[in-house]
Amino acid sequence: MAKAKVLTLLIPTDGKRVLLGLKKRGFGEGYYNGFGGKVEPSDESVEAAARRELEEEAGVTAKECVRKGLLRFHFDDKPVPWEVHVFTTGLNLEPKEPKETEEMKPQWFAVEDIPYQKMWADDEYWYPLLLAGKEFEGDFYFENTHKLVRHHLRET
Ligand code: 6OG
(Lines give C-alpha, C1' and ligand atoms only; values in the text may rest on other atoms or scores of the structure.)
Protein backbone atom coordinates (compact mmCIF):
# COMPACT_ATOMS: atom_id res chain seq x y z
CA MET A 1 0.00 0.00 0.00
CA ALA A 2 1.25 3.52 -0.75
CA LYS A 3 2.64 5.51 2.16
CA ALA A 4 0.00 7.36 4.19
CA LYS A 5 -0.18 11.12 4.51
CA VAL A 6 0.45 12.03 8.17
CA LEU A 7 -1.67 14.69 9.87
CA THR A 8 -2.53 15.91 13.36
CA LEU A 9 -5.71 16.83 15.18
CA LEU A 10 -5.60 18.55 18.59
CA ILE A 11 -8.72 19.07 20.69
CA PRO A 12 -8.51 21.24 23.81
CA THR A 13 -10.95 19.96 26.46
CA ASP A 14 -11.41 19.47 30.19
CA GLY A 15 -14.10 16.82 29.63
CA LYS A 16 -16.87 19.43 30.08
CA ARG A 17 -16.05 21.99 27.39
CA VAL A 18 -14.27 21.56 24.07
CA LEU A 19 -12.68 24.08 21.78
CA LEU A 20 -13.50 23.47 18.12
CA GLY A 21 -12.98 25.63 15.08
CA LEU A 22 -15.17 26.31 12.07
CA LYS A 23 -12.91 25.61 9.10
CA LYS A 24 -13.07 28.64 6.80
CA ARG A 25 -11.15 27.31 3.81
CA GLY A 26 -9.55 24.25 2.25
CA PHE A 27 -10.23 20.61 3.10
CA GLY A 28 -13.24 20.28 5.42
CA GLU A 29 -14.41 23.88 4.83
CA GLY A 30 -17.70 24.52 6.66
CA TYR A 31 -17.15 21.77 9.23
CA TYR A 32 -16.32 22.20 12.90
CA ASN A 33 -13.16 20.29 13.76
CA GLY A 34 -10.22 20.18 16.12
CA PHE A 35 -7.04 21.98 15.07
CA GLY A 36 -4.42 20.33 12.93
CA GLY A 37 -2.80 19.71 9.62
CA LYS A 38 0.12 18.09 7.89
CA VAL A 39 3.31 17.17 9.70
CA GLU A 40 6.26 19.00 8.09
CA PRO A 41 8.39 16.60 6.04
CA SER A 42 11.52 17.83 7.89
CA ASP A 43 12.21 16.27 11.28
CA GLU A 44 9.20 17.81 13.06
CA SER A 45 7.66 15.46 15.62
CA VAL A 46 3.96 14.70 15.36
CA GLU A 47 3.33 16.38 18.74
CA ALA A 48 5.28 19.50 17.72
CA ALA A 49 3.20 19.65 14.55
CA ALA A 50 -0.02 19.39 16.59
CA ARG A 51 1.02 22.31 18.83
CA ARG A 52 2.21 24.38 15.86
CA GLU A 53 -1.10 23.92 14.03
CA LEU A 54 -3.08 25.01 17.13
CA GLU A 55 -0.98 28.17 17.31
CA GLU A 56 -1.38 28.90 13.60
CA GLU A 57 -5.12 28.22 13.52
CA ALA A 58 -6.31 29.57 16.90
CA GLY A 59 -3.46 31.77 18.16
CA VAL A 60 -2.97 29.83 21.40
CA THR A 61 -0.17 27.68 22.79
CA ALA A 62 -0.91 24.36 24.48
CA LYS A 63 1.42 23.69 27.42
CA GLU A 64 1.42 19.94 27.02
CA CYS A 65 -0.62 17.66 24.84
CA VAL A 66 -1.39 13.98 25.13
CA ARG A 67 -1.72 11.54 22.25
CA LYS A 68 -5.03 9.69 22.44
CA GLY A 69 -5.69 8.08 19.13
CA LEU A 70 -4.77 7.11 15.63
CA LEU A 71 -7.38 7.37 12.89
CA ARG A 72 -6.88 6.17 9.34
CA PHE A 73 -9.13 7.71 6.71
CA HIS A 74 -9.51 5.81 3.45
CA PHE A 75 -11.02 7.80 0.59
CA ASP A 76 -12.10 6.15 -2.67
CA ASP A 77 -11.12 9.39 -4.44
CA LYS A 78 -7.63 9.84 -2.93
CA PRO A 79 -4.50 7.84 -3.75
CA VAL A 80 -3.19 7.28 -0.21
CA PRO A 81 -4.83 6.85 3.18
CA TRP A 82 -4.59 9.68 5.70
CA GLU A 83 -3.16 8.86 9.10
CA VAL A 84 -4.40 11.35 11.68
CA HIS A 85 -2.79 11.44 15.14
CA VAL A 86 -5.31 12.74 17.66
CA PHE A 87 -4.19 14.72 20.72
CA THR A 88 -5.93 16.47 23.59
CA THR A 89 -4.75 19.23 25.82
CA GLY A 90 -6.35 20.75 28.91
CA LEU A 91 -7.74 24.26 28.98
CA ASN A 92 -4.53 25.87 30.24
CA LEU A 93 -4.03 27.65 26.95
CA GLU A 94 -1.84 30.71 26.58
CA PRO A 95 -3.50 33.17 26.15
CA LYS A 96 -6.71 31.72 27.62
CA GLU A 97 -8.96 32.72 24.72
CA PRO A 98 -8.33 31.73 21.10
CA LYS A 99 -8.63 34.17 18.24
CA GLU A 100 -10.12 33.85 14.80
CA THR A 101 -7.58 33.31 12.03
CA GLU A 102 -7.73 33.09 8.25
CA GLU A 103 -8.26 29.33 8.50
CA MET A 104 -10.46 28.80 11.58
CA LYS A 105 -13.16 30.47 13.64
CA PRO A 106 -12.70 28.97 17.16
CA GLN A 107 -15.75 28.37 19.34
CA TRP A 108 -16.28 26.76 22.76
CA PHE A 109 -18.93 24.04 23.12
CA ALA A 110 -20.29 22.21 26.14
CA VAL A 111 -19.68 18.49 25.47
CA GLU A 112 -23.43 17.85 25.26
CA ASP A 113 -23.70 20.49 22.53
CA ILE A 114 -20.96 19.26 20.20
CA PRO A 115 -22.41 19.95 16.71
CA TYR A 116 -21.89 16.50 15.17
CA GLN A 117 -24.28 17.29 12.33
CA LYS A 118 -21.82 20.02 11.21
CA MET A 119 -18.71 17.81 11.57
CA TRP A 120 -17.02 15.00 9.68
CA ALA A 121 -19.13 11.83 9.86
CA ASP A 122 -16.48 9.87 11.79
CA ASP A 123 -16.43 12.29 14.73
CA GLU A 124 -19.58 11.10 16.48
CA TYR A 125 -17.99 7.64 16.87
CA TRP A 126 -14.66 8.52 18.44
CA TYR A 127 -15.30 11.80 20.32
CA PRO A 128 -17.12 9.94 23.13
CA LEU A 129 -13.98 7.80 23.66
CA LEU A 130 -11.73 10.86 23.59
CA LEU A 131 -13.96 12.74 26.05
CA ALA A 132 -13.99 9.73 28.38
CA GLY A 133 -10.18 9.82 28.42
CA LYS A 134 -9.86 6.56 26.46
CA GLU A 135 -7.23 5.73 23.85
CA PHE A 136 -8.38 4.42 20.49
CA GLU A 137 -7.53 3.41 16.96
CA GLY A 138 -9.81 3.32 13.96
CA ASP A 139 -10.26 3.01 10.23
CA PHE A 140 -12.95 4.99 8.43
CA TYR A 141 -13.85 4.46 4.77
CA PHE A 142 -15.35 7.32 2.76
CA GLU A 143 -16.95 7.54 -0.67
CA ASN A 144 -16.87 10.83 -2.61
CA THR A 145 -14.79 12.30 0.23
CA HIS A 146 -17.69 12.87 2.64
CA LYS A 147 -19.88 9.76 2.77
CA LEU A 148 -18.84 7.39 5.54
CA VAL A 149 -19.59 3.85 4.36
CA ARG A 150 -17.94 1.66 7.00
CA HIS A 151 -15.60 1.82 9.93
CA HIS A 152 -13.76 -0.12 12.62
CA LEU A 153 -12.95 1.50 15.94
CA ARG A 154 -11.38 -0.02 19.03
CA GLU A 155 -9.99 1.09 22.36
CA THR A 156 -6.27 0.51 22.75
P1 6OG B 1 -5.35 20.79 6.56
O2 6OG B 1 -5.88 20.50 5.21
O3 6OG B 1 -6.16 21.83 7.30
O4 6OG B 1 -5.53 19.45 7.42
N5 6OG B 1 -9.18 15.72 9.00
C6 6OG B 1 -10.26 15.16 9.57
N7 6OG B 1 -10.78 15.36 10.77
C8 6OG B 1 -11.87 14.63 11.09
N9 6OG B 1 -12.41 14.82 12.31
N10 6OG B 1 -12.44 13.74 10.25
C11 6OG B 1 -11.94 13.53 9.03
O12 6OG B 1 -12.57 12.63 8.27
C13 6OG B 1 -10.79 14.26 8.64
N14 6OG B 1 -10.00 14.31 7.53
C15 6OG B 1 -9.03 15.21 7.78
C16 6OG B 1 -6.90 16.43 9.75
C17 6OG B 1 -6.75 18.77 7.48
C18 6OG B 1 -7.20 18.63 8.90
O19 6OG B 1 -8.45 17.94 8.88
C20 6OG B 1 -8.36 16.76 9.65
C21 6OG B 1 -6.29 17.82 9.80
O22 6OG B 1 -6.36 18.31 11.13
C23 6OG B 1 -12.28 12.39 6.96
O24 6OG B 1 -3.88 21.07 6.61
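Residues numbered from 1 in each chain as written. Predicted model: local features only at pLDDT ≥ 70, side-chain atom pairs only at ≥ 80, totals over all residues. Heavy atoms only, no water.

Novice: Talk me through the pairing of strand β5 (residues 66-75); I want residue IDs and the actual numbers.
Specialist: Burial within β5 is extensive, with seven of its 10 residues counted as buried. Bridging between β5 and strand β6 (residues 82-89) involves seven bridges; their strand directions are antiparallel. Bridging from a neighbouring strand, R67 pairs with F87 of β6. Hairpin connection of β5 to β6: six residues between the antiparallel strands. Pairing of β5 with strand β9 (residues 136-143), which is carried by seven bridges, proceeds in the parallel orientation. (Buried < 20%, exposed > 50% of the residue type's maximum accessible area, 1.4 Å probe, protein only. Helix = DSSP H or I, 4+ residues; strand = E, 2+ residues; numbered from the N terminus. Pairing = 2+ DSSP bridges.)

Novice: Describe the site of the ligand, naming the residues involved and giving the relevant values.
Specialist: The environment of the ligand is made up of 18 residues, and the closest members are T8, K23, N33, D122 and D123. Measuring from a nitrogen atom of the ligand, one finds a side-chain N or O atom of N33 at 3.0 Å. With respect to the ligand, the side chain of K38 contributes an N or O atom lying 3.4 Å from an oxygen atom. In the complex, the protein chains occlude 94% of the 530 Å² of accessible area that the ligand would expose alone. (Near = heavy atom within 4 Å. Polar contact = N/O pair within 3.5 Å; in protein donor to acceptor, adjacent residues only side chain to side chain. Areas by Shrake-Rupley, 256 points an atom, 1.4 Å probe, with all protein chains shown as cover.)

Novice: Which residues make up helix α2 (residues 123-131), and what values go with them?
Specialist: Among the residues of α2, those classed as buried are D123, W126, Y127, L129 and L130. Around the axis of α2, the buried residues are gathered within 160° of arc, so they sit on the same side. Positive phi appears at G133, one or two residues downstream of α2, with a value of about 80°. (Arc of directions from axis to C-beta.)

Novice: Describe unusual backbone geometry, listing the residues and the values that go with them.
Specialist: Cis geometry marks the peptide bond from E94 to P95; its omega dihedral reads -10°. Within the secondary structure, P95 sits in the loop between β7 (93-94) and β8 (104-110). The backbone phi angle of T145 is positive, close to 70°, even though this residue is not glycine. Its location among the elements puts T145 in the loop between β9 and β10 (147-155).

Novice: Describe the sheet that holds β8, and please don't skip the residues or the numbers.
Specialist: Taking strand neighbours across the sheet as the criterion, the three strands line up as β3-β2-β8 in an open arrangement whose pairing is antiparallel. Two strands in the sheet have a free side with no partner beyond their single neighbour: β3 (32-33) and β8. Looking at chain direction, strand β2 (residues 17-23) and β3 are connected through two bridges and run antiparallel. Paired with G21 across the two strands is N33, which belongs to β3.

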